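Observations on chain architecture
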Amino acid sequence: MTDNILEVQNLVKHYPIKAGVFQHVVGHVRAVDGVSFSIRKGQTFGLVGESGCGKTTVGRTLLRLTEPTGGQAFLDGQDIFSMNRSQLRAIRPKLQMIFQDPYSSLNPRMPVGELIGEAVRQHHIVPKDQYQNYILQIMDACGLRRYYIDRYPHEFSGGQRQRICIARALALGPDLIIADEPVSALDVSIQAQIINLLQDLQAERKLTYLFISHDLSVVEYISDEVGVMYLGSLVEKAPTADLYQHPMHPYTRALLSAVPIPDPDIRMNRTVLEGDLPSPANPPKGCKFHTRCPNCMEICKEKAPDFLDYGNGHWTACHLYSQAGENRADTTDHSETDDPSENNLS
Amino acid sequence: MSENTANTKNTKKERLKQIKRFNAKVYRQYTKDKKRKIPVSDYITEMRDADNLLEFDNLQAYFYTDAGTVKAVDGVSFDIPKGKTVGVVGESGCGKSVTSLSVMRLLQGPQGQIAGGQIRYNQESMQRAVDLTKMPMDAMQKIRGKEIAMIFQEPMTSLNPVFTIGDQLSESIKLHFPKMSKQEVKARCIEMMKLVGIARAEGIFDNYPHELSGGMRQRIVIAMALSCDPRLIIADEPTTALDVTIQAQILDLLRELKDKINASIMLITHDLGVVAEMADYVVIMYAGKVVEQGTAKEIFHDPRHPYTIGLLKSRPVLNEDVGRLYSIPGTVPNPIEMPSYCYFKNRCEKCMECCSGEYPATIDVTPTHKVNCWLYAQPSAGSEAGR
Amino acid sequence: MAQDIQNTNAAEQDAFEQSQVILTPTQLVLKRFFRNKLAIVGLVILLVMALFCFIGPFLTSYGEYEIFYKHKETGAEVMSSTYSTLSAEERAMYEMNLKAPISKNHILGTDGDGRDVFTRLMYGGRISLQVGFCVVIIELILGVTMGGIAGYYGGKVDMIIMRLVEIFYCIPFLPLMLIVSSVTSAMKVAPEQKIYLLMLIMGVLNWAGVARLVRGQILSLREMDYMQAAESMGISVFRKIFKHLIPNVVPIIIVMATMDLGSVILTESTLSYLGIGLSFPYASWGNMINAVNSSVIMKNFLNIWIPPGICILLTVMAFNFVGDGLRDAFDPRMKR
């Protein structure tokens, strides 16, 4: 328990929908609807889901870039959501973010040194006389050439900009870095460079990552534990190997089977989900996934399943497993036969 | 020292002036050519192989910018056989989209122009083969949309928000089949929408694009492309903007359709997974040139070019345990003033002495598998014969 | 072996990159600006105009209100300063040198009151440019502050300021100016004070557009990832505003100010032409053109009203060229 660096309990974020002349609230978009997870120190927690599932909102509320509607989040035992402005500013360096778009996340009017060093000076991370040296060290660590220090963002390519973003986050000596789709805007060969950099830095500096992405293979590669989100809630959470080998929730299974494999000999018989994501303003009753679920049962339309632990830290919210003990055994078998890796062999 | 910098500054200015003069000349020529009447005999050619639908032969598409000439596509040659899917793979800026725009003759002139080479199209409807690069625009209009259709990347922006789905679908049908009655056109639209798996076709006919989800819109775009029974469909990153589960739906749809409609597909993407699922042949492009091409099996099981190998290794694969991810070092060279040697030299692990020489020739590994790399050039008999 | 080549490759790359000239964003903007020929033309016109209006008057011995008299027989000319020292008989020999043609003494002739057109052109330009700059400065001070506050704080403050902006948009400019003009003449306000009043009113009436623009810009900047990044790094509010926000709003303000300068000069000319702006004896390009309302002058004395017209045209056009050039330089994507 104590080695958890971040603990999120029942995080809720609703955006009001306003309408009419007087902008009265007519409903809520349930962007995040009760999400709980924790991250162990030095590990990477991957958060996957499709666009609109609320994964980015989780990241932003944790940084208090948007104010949460409810729930609690503890960073090293301190409650982030109950802090006032000055307390929040004091812990900011511990919690950093890397954004998706390396083009809009750097102020075009600042040279690289200033971009990286601005917050370092503001928070007095290092004494004044060591400042210059410190910035250069950080740049070295992120694979940026030292002479870049006076250059402006417009001279860099996407990959290098993302390195600058990483350097900027790293310079504050954070414990936890929230990486919101850090590689999805980059080319494949550059993605690998950035992923490797993130991993090297983690090993060197004992960093913890919350890695938010829609790319399942990247998440599998980088994460120790993975949470799958659907319409604002976690539907499954498990150690990476366990989740990818034995996915329990039908949504996870569908997601995994939807990923194209770069091998022309593998023709998977995939479970293709019907239909589209329902609107988060008006989520379906009962289990939110029941409208698209291939294994939908009567109970799914009535009652939302609880998020339960099924051993080995494998949590899921699905009625397929929650009914009775003997049922469970069947369904685990079932999940194994549906396993994409086995299908691959066929 | 200061004199030196002044000197370089001057020469730079001189160069910019030269570029400007050169561009002005090129632009003038472009406008003149545009006005010229082109006789039919000018663009009739012979296909190299009658089984091919489209043949790119040393295609060059240049952009004449103020900073210099960008050779976006520089000598690209590959074939699209009838009824097959060809995947064109490469990173951003490698010229894959420009290649497809050249087929449609949609390059933004006068900056973007086809500078050389041929795109031979087997126009079976007229029992002839034509060179699309030389075709006059009015003849091109008849091919565009009817015989060659395009699916764009962004389903959000490729539909006009002020017209209903029905309007937009029937537009190209009306254009290419002017004799059809209103009812027939509508029936055709609904048939097309059913074909792409839209259940409530009648209902959606009168909807506006914003009322549909991304996946639905992409289906509509595909239906539009299919509505005139095209011989070739160019799909430019058709699933990149979509979520994984929707992407799976669309890919399944495209694969299904391929068998039904007997058209060729030119699939442009950066995602090797998508290509592996869809394509029969794969073309790998790097910095405006084709570096390797072959059947999907050859490319994925026996990649030869270091770039292809790197590309395949740098993506983590589901349920496959790799140690450290392989990453290709460095970045793509500056598109202006490309070097004379192999463009990949600076990033290549297997770089040799001779890589600093001229650009490597095309080497046939098998009759279908071609690669441009010095690694496979036979020092004695090979390299010239390989051409 | 391969490793060696790799290393030399990397070294080459390094050497190449290091030899690149580093340009700050400002230098980049200037470079793009000076590549634009029309903008340069505009800038040159403006410089020439400024020299003509502010340095020119020192080079001529004629005053702004100087009236010229001509000897009825000899045609010798005296200025009003000399004329006032003359005796009554001598004065009787002189008459006002009205609407004199272009000559060596009067490069553009004299106007309907016997004053030198060329000299008045200089003084008129002075007033026009001064009015332009003052009005733009007033509207910028008001507009940027109000728009900045509205955009940055949002919520209720934003609501109130934006409603205020809408109210200001609804004030009919010309009728207001007519009223002000008649009130000032009724209260016998001195003409030189009327200029300041004019500037103030125009400035206060124009800030709404600026505020709207600045607010919009700040709202969109606030959503940029780098503002979010600054927030998440715990950068102080002061630095966020002055280091991240303002430098990115400045380009759009500069462009707008340049364009506005042109339009303010035009408005001032319109007002003066209608006789509700600057009043005699002060010269302004607008009230010089006012001479056209006599058809005799319009037909026969082109030298009186064409020059100020050309001045207005050139200046306003030049401001627009420069503004356009600046906009393209700041945002090269806008070009096409």
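Please read these numbers as outputs of a predicted model, since none were measured by experiment.

Structural notes on the overall build of chain A
Broken down by element type, chain A carries 13 helices and 12 strands. Since a compact globule built from 346 residues should have a radius of gyration of about 20 Å, the 22 Å found for chain A is in line with a globular shape. Taking all 346 residues of chain A together, the buried fraction comes to 49%. Within chain A, contacts between residues separated by at least 24 positions form 65% of all contacts whose residues are at least 6 apart in sequence.

Some thoughts on the nonpolar core
Nonpolar side chains tend to gather and get buried jointly when the protein is soluble and globular. Counting residues in each nonpolar core, the largest one holds 202 residues, and the members touching the most others are A:A167, B:L267, B:V283 and B:I284. Ignoring any residue separated from it by four or fewer positions in sequence, one finds B:I284 in contact with B:V89, B:G90, B:V290, B:V291, B:E292, B:Q293, B:I299, B:H305, B:Y307 and B:T308. Counting residues in each nonpolar core, the second largest holds 55 residues, with C:Y123, C:A208, C:V316 and C:A318 among its members.

What to know about the sheet that holds strand β2 (residues 77-79) of chain C
All names here are of chain C. The strand order across the open sheet built from 3 strands is β2-β1-β3, with neighbouring strands paired in antiparallel fashion. Only two strands of the sheet have a single partner each, and these edge strands are β2 and β3 (94-96). Within this sheet the neighbouring strands show an average axis-to-axis angle of 35°, counted without direction. Where strand β1 (residues 68-71) and β3 come together, 3 bridges link them in antiparallel fashion. Following the sheet pairing, H71 is matched in β3 by Y94.

Regarding helix α8 (residues 214-226) of chain B
All names here are of chain B. For α8, built from 13 residues, the straight-helix expectation of 18 Å at 1.5 Å per residue is met to within 8% by its first-to-last C-alpha distance of 18 Å. The buried fraction of α8 amounts to 11 of the 13 residues, a majority that puts the element mostly inside the structure. Listed as buried for α8 are G215, M216, R217, Q218, R219, I220, V221, I222, A223, M224 and A225. Looking at the buried positions of α8, the neighbouring elements they touch are β7 (148-151), α5 (165-176), α6 (182-195), β8 (232-236) and α9 (244-261).

Topic: the domain arrangement of chain C
Residue and element names in this part refer to chain C. One can read the domain layout of chain C as domain 1 (67-115) and domain 2 (123-334). Taken over C-alpha atoms, the centre of domain 1 sits 40 Å from the centre of domain 2. At the interface, 6 residues of domain 1 touch 6 residues of domain 2. Residue classes in the side of domain 1 that touches domain 2 are distributed as 2 nonpolar, 2 polar and 2 charged.

Let's talk about the interface of chain A and chain B
Contacts between the two partners involve 34 residues from chain A and, on the opposite side, 38 residues from chain B. When contributions to the side of chain A that touches chain B are tallied by element, the ones reaching two or more residues are α6 (188-205), α7 (216-222), α9 (250-258) and α13 (340-345) of chain A.

What about unusual backbone geometry?
All names here are of chain B. One non-glycine residue, Q127, lies in positive phi territory at about 55°. The residue Q127 is located in the loop between β5 (112-123) and β6 (128-131) in this model. Note on Q127: 7 C-beta atoms within 10 Å, which makes it exposed. For D229, which is not glycine, the phi dihedral falls at a positive 50°. Relative to the assigned elements, D229 resides in the loop between α8 and β8.

Re the pairing of strand β1 (residues 4-19) of chain A
All names here are of chain A. Sheet analysis places β1 next to strand β2 (residues 24-40), joined by 13 bridges and oriented antiparallel. Residue pairing across strands places K13 opposite V32, the latter belonging to β2. Linking β1 to β2, which pair antiparallel, is a turn of 4 residues; within it G20 sits at a positive phi near 80°. Bridging between β1 and strand β4 (residues 70-75) involves 5 bridges; their strand directions are antiparallel.

A closer look at the environment of B:A24
Residue and element names in this part refer to chain B. Tracing the backbone through its elements, the reader meets A24 in helix α1 (residues 2-35). For A24, a count of 12 C-beta atoms within 10 Å gives the class exposed. In the structure, A24 is positioned 177 residues away from A201 in sequence and 51 Å away in space, judged by C-alpha atoms.

Some words on the environment of B:K134
Residue and element names in this part refer to chain B. Topologically, K134 is positioned in the loop between β6 and α4 (137-143). On the neighbour-count criterion, K134 (15 C-beta atoms within 10 Å) is partly exposed. C-alpha of K134 to C-alpha of I38: the two residues are 96 residues apart in sequence and 8.2 Å apart in space. If we ignore the near neighbours within four places in the chain, the residues touching K134 are I38, D42 and Y43.

What counts and what doesn't
Residues numbered from 1 in each chain as written. Chains lettered and ligands numbered in written order. Predicted model: local features only at pLDDT ≥ 70, side-chain atom pairs only at ≥ 80, totals over all residues. Helix = DSSP H or I, 4+ residues; strand = E, 2+ residues; numbered from the N terminus. Rg over C-alpha atoms; globule rule 2.2 N^0.38 Å. Buried ≥ 20, exposed ≤ 12 C-beta atoms within 10 Å, placed from the backbone. Contact = placed C-beta atoms within 7 Å. Core = buried A, V, L, I, M, F, W, Y, C linked by C-beta atoms within 7 Å. Pairing = 2+ DSSP bridges. Axes fitted to C-alpha atoms, helices over the stretch in contact; angles between N-to-C directions. Expected span 1.5 Å × (residues − 1). Domains from an automatic or database assignment. Nonpolar A, V, L, I, M, F, W, Y, C, P; charged D, E, K, R; others polar.

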